[in-house]
Amino acid sequence: MPRTPRASADPAGLGRGPLTRRLPVLWQATPTPPVAEPFAVTDQTTPRRFLLGVVLSARRFTVPAAALGILWQVGEALVPVVMGLAIDRALATGDVAQLALWLAALAAVFLMLSLSYRFASQLTERATEQVQHRLRVTLSRAVLHVDGPGARQPDGGVVSLMTNDVARTAALGLAVYPIAELAGIVFIAVSLLLISWPLGLVVLAGAPLAVWIMGLLSGRLARDSRVYQTLLADTVGRATDLVAGYRIIKGIHAEDEAARRYRDVSQETLTGAYRNIGLLGRFLVGSTTVSGVFVAVVAALAGWFAVTGRLSIGELIAAVGLAQALLPPMRMLAMNAVPAWASAIASSGRVLDALTAAPPSSVSGTAAEPDPAAPESPDGMARPRPVPVVGLTIPGHGTVTVEPGELVGLHAAERTAAEIVRALHNPHSDDDVVVHLDGASPDHRGLAIYRATVAVSPHHATLFSGTIADNVSFAGDAPLQDEALRTAACEDVLTAAGGLEGDVGEMGNRLSGGQRQRLALARALAADAPVLVLHDPTTAVDSVTEQVIASRLRELRSGRSTVLIASSPALLAICDRVVTVREADESTDGDEAA
């Protein structure tokens, strides 16, 4: 009979072993992402200034992490000091009590440096994830949610921008580990001053010089890093665009030309990668040589002082140990901090280019002037947004008007229906369908306010990893969550998943196609938008369930406008009127049924 694992084996679910699974887990991130304010940029913002702003934007995490990092580096330097004191005061004298005391001190030092490193790393990782989330929100508003009729549409390079460049720019370790490493170098220098002032002076004078030389060696690497990262992003973007447009390329028989162009770009990027790796290797060789020579000089000088009797055996061991402890922070500064700073500067420049090229409203997060159609009540609370009159000017057909509170069905060919949906989703798109709200263009409202008024549920809606509640209320508060789930006939979905907190899987892969479609419909209904556009919302459900949804839809959307683009008789039967949209090459008189 198979053994059932105990529920309490690892209550935190972190995969920890039997010795650590019951230790408390502190400073964990919240289950939901924090509210992310976009980073502000101006025309005067430089890549270096922008990077500093990003790195210093999570000080409530990085400041304590830096303090813990300093304790970690000080603890590393204290180990040879405590060992030297133990040799001079315990082993040389044969004092057992002193030996026990210094062994306990050594154990305390190891405990301190271990815990300090652990929590410093944990806080740094949490800060990094939070800032990366904030950067991606800023970029998505500026690059993906473009506003305005002339806004530039994103290309395939946004993939590299949102991943590689964001990860390099949000290098929060630059605000923690270099500070800790410099503090460790200073502590070692002070310790050597107390042991032997000439050694301390050598370290205090030589360490900054060595770090400065390493900075000089990194100059060319820093300049080339941006060039290489730009080439890499262009290659990723070209590959993404090639895949996205492959049907068109194949249709015009341009596969060979497209492949040739991609090979040329890829080869140029490969050459840039070889060049960048070569520069990195030369930098590491030079910086390691500088730091190694410096530490060797300090250790040789300490040995000379011991031979001449100016240092005791314990002091010699402490001095040599401190010289060896000096090498790791200097190597980490050379191999991690300096190259990471160079890459971060390059990536921050690319991120800044994308932000400054976007419309100012997208970067700031404020889509436009406040909507005058959204008044406030005397207590300061926002009233429900009024329902506008929606006008659709469709080529070859004319204008379809949806009055406030109407449920209008549109019966159109697949291509025309797709154009109408795209135009309603983004009135600034290049489609021929023109959208008006209350007889005016929606340009003055701004895209964010427009989408708060007009919600569009496309035919191929996407679910997200998480629970049913997460998916239904994804766009924010969902006061109609329960009613929306009922209207979309999601009772069996709730039962199968185990309630609102049931997991739907990656992109809803634990649900059937019909269940996913109904859950997407529930999400659209729960938003309670003044104008809701539904495009074939029941094509994957059976006829009985479709009839149930149709019977409940009108009641939930009472007082709001609904545009139902569908060919289903069950759905079109509940509409106040149905408009048959003709193609441009047909008669311009549309058929309208009551």
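Given the structure is predicted, the values throughout are model-derived calculations rather than measurements. (Residues numbered from 1 in each chain as written. Predicted model: local features only at pLDDT ≥ 70, side-chain atom pairs only at ≥ 80, totals over all residues. Heavy atoms only, no water.)

Here the focus is the pattern of salt bridges. Inspection of every chain in the model, using the stated rule, returns 10 salt bridges. A salt bridge links Glu-257 to Arg-260; its shortest N-O distance comes to 2.5 Å. One end of the pair, Glu-257, and the other, Arg-260, are both in helix α9 (residues 255-307), 3 residues apart, so they sit about a helical turn from each other. Classification of Glu-257 by relative accessible area gives partly exposed; the value is 32%. We classify Arg-260 as partly exposed; its relative accessible area is 37%. Ionic pairing is found between Arg-560 and Asp-528, a salt bridge with its closest N-O pair at 3.7 Å. On the criterion of sequence distance, the pair formed by Arg-560 in the loop between α18 (543-556) and β7 (561-565) and Asp-528 in the loop between α17 (513-526) and β6 (531-535) is long-range, its members being 32 residues apart. On the accessibility criterion, Asp-528 (25% relative accessible area) is partly exposed. Connected via shared salt-bridge partners are Glu-257, Arg-260, Arg-261 and Asp-264. (Salt bridge = Lys/Arg side-chain N within 4 Å of Asp/Glu carboxyl O. Helix = DSSP H or I, 4+ residues; strand = E, 2+ residues; numbered from the N terminus. Buried < 20%, exposed > 50% of the residue type's maximum accessible area, 1.4 Å probe, protein only.)

Its identity is not glycine, yet Ala-489 carries a phi of approximately 55°, on the positive side. A positive phi angle, near 45°, is found at Asp-536, a position not held by glycine. Within the secondary structure, Asp-536 is located in the loop between β6 and α18.

Mapped onto the fold, Ser-196 is located in the loop between α5 (177-195) and α6 (197-217). Given a relative accessible area of 9%, Ser-196 falls into the buried group. Not counting the four nearest positions on each side in its chain, Ser-196 is found in contact with Phe-305 and Leu-311. (Contact = heavy atoms within 4.5 Å.)

Our next topic: the sheet that holds strand β4 (residues 434-437). Read from one edge of the open sheet, 3 strands run β2-β1-β4, paired in antiparallel fashion. Edge strands, defined here as strands with exactly one partner in the open sheet, are β2 (398-402) and β4. Neighbour to neighbour, the strand axes of the sheet diverge by 20° on average, direction disregarded. Two elements, strand β1 (residues 390-394) and β2, share 5 bridges in a ladder whose sense is antiparallel. When the sheet's bridge partners are listed, Leu-392 is paired in β2 with Val-400. Where helix α12 (residues 414-425) meets the sheet, it contacts β1 and β4, and its direction lies at approximately 135° from that of β1. (Pairing = 2+ DSSP bridges. Axes fitted to C-alpha atoms, helices over the stretch in contact; angles between N-to-C directions.)

Under the 1.5 Å per step criterion, the end-to-end length of helix α2 (residues 59-91) is 46 Å for 33 residues, consistent within 8% with the ideal 48 Å. The axis of α2 is deflected most strongly, by about 30°, at Leu-78, and proline Pro-80 appears within four residues downstream. (Expected span 1.5 Å × (residues − 1). Bend = angle between axes of the 7 residues up to and from the residue.)

This brings us to the packing of α17 against α18. Angle between the axes and distance between the axes are the two parameters that describe a pair of packed helices. Put simply, α17 and α18 touch, their axes get as near as 13 Å, and they point 5° apart. Taken together, the axis directions place α17 and α18 in an arrangement best described as roughly parallel. Across the interface between the two elements, Arg-518, Leu-521 and Leu-525 of α17 pack against Thr-545, Ile-549, Leu-553 and Leu-556 of α18. Broken down by class, the residue content of the contact of α17 with α18 amounts to 5 nonpolar, 1 polar and 1 charged. (Parallel < 35°, antiparallel > 145°, perpendicular 65-115°, else oblique. Nonpolar A, V, L, I, M, F, W, Y, C, P; charged D, E, K, R; others polar.)

With 35 residues, the main nonpolar core has Ile-468, Leu-485, Leu-519, Leu-525, Leu-534 and Leu-564 as its most contacted residues. Every element with two or more residues in this core is listed here: α14 (468-472), α15 (481-487), α17, β6, α18 and α19 (569-572). By residue number, the principal contributor to this core is α17, which donates 7 residues. Apart from residues no more than four positions distant in its own chain, Leu-485 is found in contact with Ile-468, Val-472, Cys-490, Leu-494, Leu-500, Leu-519 and Ala-522. (Core = buried A, V, L, I, M, F, W, Y, C linked by side-chain atoms within 4.5 Å.)

Further remarks concern the packing of aromatic side chains. Enumeration according to the criterion identifies 3 aromatic pairs in this entry. Residues Phe-39 and Phe-50 carry aromatic rings whose centres are separated by 6.2 Å and whose planes lie at 70° to one another, so their mutual orientation is edge-to-face. Remark: Phe-50 occurs in helix α1 (residues 47-55) and Phe-39 occurs in the segment before α1; sequence separation between them is 11 residues. Residue Phe-39 is classed as buried on the basis of its relative accessible area, which comes to 7%. On the accessibility criterion, Phe-50 (4% relative accessible area) is buried. Ring geometry for Trp-72 versus Tyr-117: centroids 4.8 Å apart, planes at 50°, classification tilted. Separated by 45 residues along the polypeptide, Trp-72 in helix α2 and Tyr-117 in helix α3 (residues 96-144) bring together distant segments of the chain. (Phe/Tyr/Trp six-rings, centres within 6.5 Å; stacked < 30°, edge-to-face > 60°.)

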